[in-house]
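Notes for the structure review
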Amino acid sequence: MKFPIPHTLKQIAAIIDCTFVGEDSFSVLGMNEIHVVTAGDIVFVDHPKYYDKALQSKATIILINKEVDCPEGKALLISDDPFRDFNKLTAYFKPFQKSVSTISETAILGENTIVQPNSFVGNNVKIGKNCVIHSNVAIYDNCVIGDNVTIHAGSVLGADAFYYKNRPQGFDKLLSGGRVVIENNVDIGALCTIDKGVTGDTTIGEGTKLDNQVHVGHDTIIGKKCLIASQTGIAGCVIIEDEVTLWGQVGTTSGITIGKKAVVMGQTGVTKSILGGKSYFGTPIEESREKLRQLANVKKIPSILENIKNK
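Below: a short report on this structure. Computed from a prediction, not measured in an experiment: that's the story for all the values here.

**Here we look at the packing of aromatic side chains**
Scanning the entire structure with this criterion turns up six aromatic pairs. With a centroid separation of 4.9 Å and 75° between ring planes, the pair formed by Tyr92 and Phe93 is classed as edge-to-face. Among the residues examined, Phe93 registers a relative accessible area of 13% and is labelled buried. Clustering of aromatic rings is evident, with ring pairs tying together Phe3, Tyr92 and Phe93.

**Thoughts on the pattern of salt bridges**
Scanning the entire structure with this criterion turns up 15 salt bridges. Notably, a salt bridge pairs Asp41 with Lys2, separated by 2.7 Å at the nearest N-O pair. Of this pair, Asp41 sits in strand E4 (residues 41-45) while Lys2 sits in strand E1 (residues 2-8), and the two are 39 residues apart along the sequence. A salt bridge links Glu287 to Lys278; the shortest N-O distance between them is 3.4 Å. By sharing partners, the salt bridges in this structure join Asp80, Arg84, Asp85 and Lys88 into a single network.

**Focus: unusual backbone geometry**
Of note, the bond from Thr283 into Pro284 is cis; its omega dihedral lies within 30 degrees of zero at 0°. Relative to the elements of secondary structure, Pro284 occurs in the loop between strand E33 (279-281) and strand E34 (286-287). Phi at Asn130 takes a positive value of approximately 60°, unusual for a residue other than glycine. Its place among the elements puts Asn130 in the loop between strand E10 (126-127) and strand E11 (132-133).

**Looking at the sheet that holds strand E31 (residues 263-264)**
The ten strands lie next to each other as E8-E11-E14-E19-E22-E25-E28-E31-E33-E34, forming an open sheet whose pairing is mixed. Every interior strand has two partners, whereas the edge strands, strand E8 (114-115) and E34, have only one. Where E8 and E11 come together, two bridges link them in parallel fashion. The partner of Ile114 across the bridge, within E11, is Val132.

**Notes on the side chain of Thr199**
Position of Thr199 among the secondary structure elements: in the loop between strand E20 (193-195) and strand E21 (201-204). Reaching out from Thr199, the side chain makes a polar contact with the side chain of Asn32 at a distance of 2.8 Å.

**Structural notes on the pairing of E21**
Alignment of strand E18 (residues 179-182) against E21, held across four bridges, turns out to be parallel. Residue pairing in the sheet places Arg179 in a bridge with Asp201 of E21. Relative to strand E24 (residues 221-222), E21 runs parallel, the two being bridged by two bridges. The partner of Ile204 across the bridge, within E24, is Ile222.

Here is what the cut-offs are and how they apply
- Residues numbered from 1 in each chain as written.
- Predicted model: local features only at pLDDT ≥ 70, side-chain atom pairs only at ≥ 80, totals over all residues.
- Heavy atoms only, no water.
- Phe/Tyr/Trp six-rings, centres within 6.5 Å; stacked < 30°, edge-to-face > 60°.
- Buried < 20%, exposed > 50% of the residue type's maximum accessible area, 1.4 Å probe, protein only.
- Salt bridge = Lys/Arg side-chain N within 4 Å of Asp/Glu carboxyl O.
- Helix = DSSP H or I, 4+ residues; strand = E, 2+ residues; numbered from the N terminus.
- Pairing = 2+ DSSP bridges.
- Polar contact = N/O pair within 3.5 Å; in protein donor to acceptor, adjacent residues only side chain to side chain.

Spelled out as structure tokens, the structure:
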């Protein structure tokens, strides 16, 4: 998430009321999670296990809960609670905007695009040409939708990321300031849910088709010409490369990559990154031929035991 205009380190420290290490005028361009940070971004870290990763990341401003040596060319924001202060920055730069109509006056709809009754289109949404948005679809603020996109009834684009910090008093939510981006020629089935990024984009690539009841988690990137069947659940920060097929009731863990042209058979649990160009099945996941061979061998166990018993 880039700020509307560059800020200085001193200005950012004043917003969250914290101390800082670096020049007052050190340039701050935005804020992001560690997997999408670039130079000029703030990244937050609040656990010693991840200090080095954050300090050595592409981010040039580190919001951290300990005084440490500042890497050359970077700056520090010292906070007693980086999670809280990251939320303060999100609320400051991307505050919640109340809607006063079912289709916001700030939404842009392309030529020949149809929005059926009872659908909601939020603030600053952009929808391209020749799209059909069926009834009871909710498109939250700042979503971007390309040309020739169909979204079927009851789907929700842009809900918050499922991202919480466990505190003694309960779960503390990380605010979401990102977007959902749907590229051209995408079909989204009924009752699908696509969460926006925490600070970046959740993206569905050109020509991809989603069946009914598919969930896509925050900051996930789905490539071009993918097929994703019903009741598939994709966790946050997953990369699905081009022309991948996920059959029904596939589930994934977060932060993995599914390689180009991989095929994942139904009811598989994708627990790790997998290479492209192969077929996979089962939980834990394996190449489908090997997994099916194992299952066939398991079925032979009773007869093997019976033969042993009779000897």
